[in-house]
Amino acid sequence: MAQDEVKLKAENIGLYFGQLRALDGVDIEVRGTEILAVIGPNGAGKSCLLNCINGFYRPQQGDIYFDGKRITRLAPHKIAELGISRTFQNIELYTGLTVLDNLMAARHIHMKQGALAGAIYFGPAYREEIEHRKVVEDIIDFLEMEPIRKKVVGLLPYGMRKRVELGRALALEPKLLLLDEPMAGMNIDEKEDMARFIIDTIELRRIPIVLIEHDMEVVMDIADRVVVLDFGHKIAEGSPDEIKGNPAVIKAYLGE
Amino acid sequence: MDVPVFDSAAKYLKYNYVKWGDKKVAMRVKDRGIWQSYTWEDYYEKVKYFSLGLMSLGLERGDKVAILGENKPEWFWAELAAGTAGAVVTGIFVDCLPTEVKYYVENSESKFVIAHDQEQVDKFLIPYKDREGKEHPPLKDELPLLKKVIFWDPKGILGFEGTPIGDYADPILMSFDQVIELGKEYEKTRPGLFEENIEKTSGDDIALFMYTSGTTGLPKAAMLRNRVSQLTNRAWNSVDKWSPDDQYVSFLPPAWITEQGLGVGANLLTGMEINFPEEPETVLENIREIGPGVLFWGPANWESVSRLIQAKIIDTSPLRRLLYHVFLPVGYKVGDLRVAGKKVNWFWQALYSIANLTVFRALKDKVGLSKVRVAYSAGSAISPDIFRYFQALGVKLKQLYGSTEMGLVTIHPDDDVRPETCGPLMPGYECRLSEDGEILVRSEMLFAGYYKKPEATREKYLGDWYLSGDFGHIEEHGHLVCIDRMDHLKELRGGRKFSPQFAEIRLRFSPYIKGALIVGSEDKDFVTAIINVDIDNVGRWAEAKRIPYTTFTDLSQKPEVIGLVTGEIRKVNRHLPEWTRIKRFVNLHKEFDADDAELTRTRKLRRDFIEERYGYLIDALYGDKDELKVEAPITYRDGRTGTMMTSVKINAVE
């Protein structure tokens, strides 16, 4: 895979809620093996952008291409099947299921046996489950979740749930990962762990990542490139060092 | 037992390989949620090729190899591999900081380090700060003797398709599997070398460096000969009869002598199967899955498991709770008879079987104790209540006494277990007491001295008697009682020694006493105590006795409560020599509190600080008044400070 191959391209995206321009002509590109951070003040349109990419919102203007294929009007589950998976700002897991079951549930897009075969649970369905379990166990190992494998998600601490959500996103075996504030509300240790897992995801699994994050220290540490949004406009784009010194960015964050 | 006597671990490995081959599991490790097995053939081959691989990298007889990792099969393989090549193995604890790792590797002159994972490997590759905050280059540049750092878990080190990530392309790094491949190549030109090496291992060779912290100075490497380890294991096995069907869960650090005996040693000697937990956090869960036959926990673990059981009992259905309370006394009765070596008549046996079937069996299963045949506790005193409790459930808990330098000195035989002792001497050991009451030991099975520290070794001997540094005595029935470290002892006027900790620990065994500070020094004639009563238990007791109280201070000074504590102190006094008995005490008007800096965050007493802070109380304890007005500074959780006026009673114990 070429280093700079464009994985995802969003062109001139416009998203309006009535008179409110949540996104106004935003262009972004995500390349093969990079972590692209999207930052900006509250209400800048960061989550809207992710929601457009994975199909929750349909932008009124512009187009999104994934692996060269236009995905602008596809339904979210179709986009997931194409290989874009995500985590949410407010964790969205099955809180009554165990960690293991949450991850196994994410494998459904790869399951080929029907409900009937699964109910009889014999032969192919049985073998298939073992295959999926292997993938899931690799993720449990990857994210060091062995101690909580059989714990019910609703009983886990917040930081752990965030980790489980990342695991669930990885269980889809995505080609692109969208992370919406994966470190919000975490303590320093948890943030460090999460940062390491995100870097490992790129290095060990070669999955490009779009990351929304408010903790600038983390962003500047782990992102390869940064895109800055403000009131639905892209106001800057570049390496973390370029962004740090950019007057428009400083203005957006600190005011005049 | 018909296993022949060998003088090295490698020879046992070969014997077991020939005897069991791929027919019997030697070890298991939980990985990806599944218990993966390794047979004796697997064990032998891993050791063989890793050993040859190390030799191809330049390992020679007498070299040192350090292992830095959690309990995993690779730890054991690496140990045997290095040992067979004639090298000395030393273990490093995984939580050591780079500065400490440097000390161990440098002091032992290790040529190779076998490291667990990225976390451990990073200690060698990343510049670090020492305790004074001084910047150092990475360890690999500070250790000229170090040839390779070999890691066994490639996660985070080897990336996509097995290529090293970023800085991990460093030539000093090599993976465990790579070394095994090198070994396979090496064997092609040198067939039979490994087998020759096994024969070359001798009982006189130093097998292990075990670092002992000691109380002063830097850790010293106690050298252990092959023969000593093997003799110790055999002697231990003659008491406890481990069997090839026993399961064992390896979670004590292998850098610690106990795991060398129970883990590495027992497995090689008897074929007892070793199971490695998935992660340090999953140990309890994994113990329950395996149901070990042999188990070693420190007193704190036993206590926490007993608390866990009691919490489960409170949550269970009323019927089960009733059964538990009906049958527990049966357990106590039978347990007490058993440890005393007395016969249990058919009536109690029958009752006990019912108790076991209805209650104990299920209870033990919940905490992974269902199949425990032999259970050990050591390290510090265990509460007699905890001890009796597990005996009642049918867990044959026993204590032992030993150290890295001495080996295993005493252990309880199954039919003579006493909670207050460490058991009778092992065969091959002689023991006597010095004039100060220090335990002296003589045996073939002692260590071979400290590495490169002959003076330190000499200091530990009086003639051919080894100075244990422990204060204790031998009871008339031949059991050894170890009271405290000699350095922890204090003296009364006239030079008579006593152990504050011994009395403090035993006072804390009382449900009514949460903490205690024992006072006494060269200018005092007798011993006194500052007691911190347990508000929950004493409060409940007071309610049951219909004694009204308002605050902690009020409760602690009630005459009835003082009477209750006096009774508890009398019980402890009975186990103390005449001159160290507690004569006067005070119930402290507040709790020892970490927020007031009286305890460390791990709830250990900060003795000097408390003695200084409550100097006026101590003066009163040795004065003639029986009541004292106190003004106590207190710190609230939010950091504010305030004072409290109250009066406390000074009480005498006859």
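## A word on the overall build of chain B
Working step 1: In terms of regular secondary structure, chain B is built from 22 helices and 29 strands.
Working step 2: The globule rule puts the C-alpha radius of gyration for 654 residues at 26 Å, and the 28 Å found for chain B is close to it.
Working step 3: Across its three principal directions, the C-alpha atoms of chain B cover 85 × 65 × 55 Å.
Working step 4: With 654 residues in all, chain B has 44% of them scored as buried.
Working step 5: Long-range pairs, those at least 24 residues apart, make up 65% of the contacts in chain B with a sequence separation of at least 6.

## Considerations on the overall build of chain A
Working step 1: If you tally the helices and strands in chain A, you get 10 helices and 10 strands.
Working step 2: Against the compact-globule benchmark of 18 Å for 256 residues, chain A has a radius of gyration of 19 Å, which places it among compact chains.
Working step 3: Principal-axis analysis of the C-alpha atoms places the extent of chain A at approximately 65 × 40 × 40 Å.
Working step 4: For chain A, buried positions account for 38% of its 256 residues.
Working step 5: Long-range contacts, defined as pairs at least 24 residues apart, comprise 68% of the intrachain contacts of chain A with a sequence gap of at least 6.

## Description of the interface of chain B and chain A
Working step 1: Each partner contributes to the interface: chain B provides 10 residues, whereas chain A provides 10 residues.
Working step 2: Of the residues in the side of chain B that touches chain A, the class split is 2 nonpolar, 4 polar and 4 charged.

## Concerning the nonpolar core
Working step 1: Ranked by size, the top nonpolar core spans 172 residues in total, and within it L13, A529, I530 and I531 of chain B carry the most contacts.
Working step 2: If you tally residues by element for this core, the top one is helix α2 (residues 40–56) of chain B, at 9 residues.
Working step 3: Of the domains in this structure, domain 1 (9–201) and domain 2 (489–652) of chain B are the two that each give at least three residues to this core.
Working step 4: Not counting the four nearest positions on each side in its chain, I530 of chain B is found in contact with A516, L517, V519, V586, L588, Y614 and L617 of chain B.
Working step 5: One finds L8, A22, L36 and L176 of chain A within the second-largest nonpolar core, a separate group that totals 70 residues.

## Some thoughts on the domain arrangement of chain B
Working step 1: Parsing chain B into structural domains produces domain 1 (9–201) and domain 2 (489–652).
Working step 2: Using only C-alpha atoms to locate each centre, domain 1 of chain B and domain 2 of chain B end up separated by 51 Å.

## A closer look at the pairing of strand β13 (residues 273–276) of chain B
Residue and element names in this part refer to chain B.
Working step 1: Residues E273 and N275 of β13 are buried on one face, and the alternating residues I274 and F276, pointing to the opposite face, are buried as well.
Working step 2: Note: strand β12 (residues 247–249) against β13, 3 bridges, orientation parallel. Following the sheet pairing, Y248 is matched in β13 by I274.
Working step 3: Regarding topology, helix α10 (residues 257–270) serves as the crossover connection from β12 to the parallel β13, and that connection is right-handed.

## Digging into the pairing of strand β8 (residues 209–212) of chain A
All names here are of chain A.
Working step 1: Burial of the side chains of β8 extends over both faces: I209 and L211 are buried on one face and V210 and I212 on the other.
Working step 2: Inspection of the sheet shows strand β3 (residues 35–39) paired to β8 by 4 bridges, in the parallel sense. For L36, the partnering residue across the bridge sits in β8 and is V210.
Working step 3: In this structure, strand β7 (residues 176–180) lies alongside β8, joined through 4 bridges in parallel fashion. Looking at the pairing, L178 lines up with V210 of β8.
Working step 4: Chirality of the crossover, the property in question, places the unit of β7, helix α7 (residues 188–205) and β8 among those that are right-handed.

## A look at the sheet that holds strand β4 (residues 61–66) of chain A
Working step 1: One open sheet holds the 4 strands; their spatial order is β2-β1-β4-β5 (chain A), and the pairing between them is antiparallel. This sheet does not close on itself; its edge strands, each paired only once, are β2 (20–31) and β5 (69–70) of chain A.

## A short note on the sheet that holds strand β11 (residues 220–225) of chain B
Residue and element names in this part refer to chain B.
Working step 1: Taken together, 7 strands build an open sheet; the order of strands is β9-β8-β5-β3-β4-β10-β11 and the sheet is mixed. Bordering the open sheet on either side are β9 (173–175) and β11, each of which pairs with just one other strand. For this sheet, the mean angle separating the axes of adjacent strands, direction not counted, is 25°.
Working step 2: Strand direction decides the pairing type here: strand β3 (residues 64–68) and strand β5 (residues 110–115), joined by 5 bridges, are parallel. Opposite V65, over in β5, you have F112 as the bridge partner.
Working step 3: Along the sheet, helix α5 (residues 118–125) contacts β3, β5, β8 (148–151) and β9; its crossing angle with β8, the most-contacted strand, is approximately 165°.
Working step 4: Here helix α7 (residues 176–189) sits on the sheet and contacts β8 and β9; the angle it forms with β9, its principal contact strand, is near 75°.

## Considering the environment of N197 of chain B
Residue and element names in this part refer to chain B.
Working step 1: Position of N197 among the secondary structure elements: in helix α8 (residues 193–200).
Working step 2: On a C-alpha basis, the gap between N197 and L52 in space is 10.0 Å, while along the polypeptide they are 145 residues apart.
Working step 3: Residues contacting N197, with those up to four places away along its chain left out, are T84, A85 and G86.

## Concerning unusual backbone geometry
Working step 1: A positive phi angle is found at F231 of chain A, which is not glycine, with a value near 45°.
Working step 2: Note on placement: F231 of chain A falls in the loop between β9 (225–230) and β10 (233–238).

## Examining the confidence of the model for chain B
Working step 1: Across chain B, the average pLDDT comes to 90, with 98% of residues at 70 or higher.
Working step 2: With pTM at 0.83, the complex prediction returns an ipTM value of 0.76.

## A short note on α2 of chain B
Working step 1: For α2 of chain B, which comprises 17 residues, the first-to-last C-alpha distance of 24 Å matches the rise-based estimate of 24 Å (1.5 Å per residue) to within 8%.
Working step 2: Directly after α2 of chain B, the chain includes G58 of chain B, whose backbone phi takes a positive value near 110°.

## Here we look at the packing of α2 of chain B against α7 of chain B
Residues and elements named next belong to chain B.
Working step 1: Between α2 and α7, the shortest axis-to-axis distance is 7 Å and the interhelical angle comes to 80°. One element, α2, and the other, α7, form an angle in the roughly perpendicular class. Contact residues: K46, Y49, F50, S51, L52, G53, L54, M55 and S56 in α2; V179, I180, L182, G183, K184, Y186 and E187 in α7.
Working step 2: Residue composition of the contact of α2 with α7, by class: 9 nonpolar, 4 polar and 3 charged.

## As for helix α15 (residues 384–393) of chain B
Residue and element names in this part refer to chain B.
Working step 1: Counting buried positions over the 10 residues of α15 gives 7, a clear majority of the element.
Working step 2: Within the sequence span of α15, burial applies to I386, F387, Y389, F390, Q391, A392 and L393.
Working step 3: Buried residues along α15 sit against α12 (299–315), α13 (318–339), α14 (346–366) and β16 (397–403).
Working step 4: The positive-phi residue at the C-terminal boundary of α15 is G394, with phi of around 95°.

Calculation notes
- Each residue is numbered by its place in its chain's sequence as written, counting from 1.
- Chain labels run from A onward and ligand labels from 1 onward, assigned in the order the entries are written.
- Reporting of local features is limited, given that this is a predicted model, to residues whose pLDDT is at least 70; pairs of side-chain atoms are given and counted only at 80 or more, and all residues count toward the totals for whole chains, interfaces and linings.
- In DSSP terms, a helix is any run of H or I states spanning at least four residues, a strand is any run of E spanning at least two, and both are numbered starting from the N terminus.
- The atom set for the radius of gyration is the C-alpha atoms, and the globule formula is 2.2 Å times the number of residues raised to the power 0.38.
- Neighbour counting defines burial: a residue surrounded by 20 or more other C-beta atoms within 10 Å of its own C-beta is buried, one with 12 or fewer is exposed, and intermediate counts give partly exposed, using backbone-placed C-beta atoms.
- What counts as a contact here is a pair of residues whose C-beta atoms, placed from the backbone, lie within 7 Å.
- Gly falls in the polar group here, along with every residue not listed as nonpolar (Ala, Val, Leu, Ile, Met, Phe, Trp, Tyr, Cys, Pro) or charged (Asp, Glu, Lys, Arg).
- Each nonpolar core comprises buried Ala, Val, Leu, Ile, Met, Phe, Trp, Tyr and Cys residues, the members being joined through C-beta atoms within 7 Å.
- Bear in mind that the domain bounds are from an automatic or database domain assignment.
- For two strands to be treated as a pair, DSSP must find no fewer than two bridges joining them.
- Whether a crossover is right-handed comes down to one check: with the strands pointing away from the viewer, does the path from the first strand over the helix to the second run clockwise; if it does, it is right-handed.
- For every element, the axis is a line fit to its C-alpha atoms; helices are fit only across the contacting stretch, and the angle between N-to-C directions ranges from 0 to 180 degrees.
- Confidence of the predictor at the level of single residues is given by pLDDT, which spans 0 to 100.
- One fewer than the residue count of a helix, multiplied by 1.5 Å, yields its expected span.
- Any angle from 65 to 115 degrees is called roughly perpendicular, while one under 35 is roughly parallel, one over 145 is roughly antiparallel, and all others are oblique.

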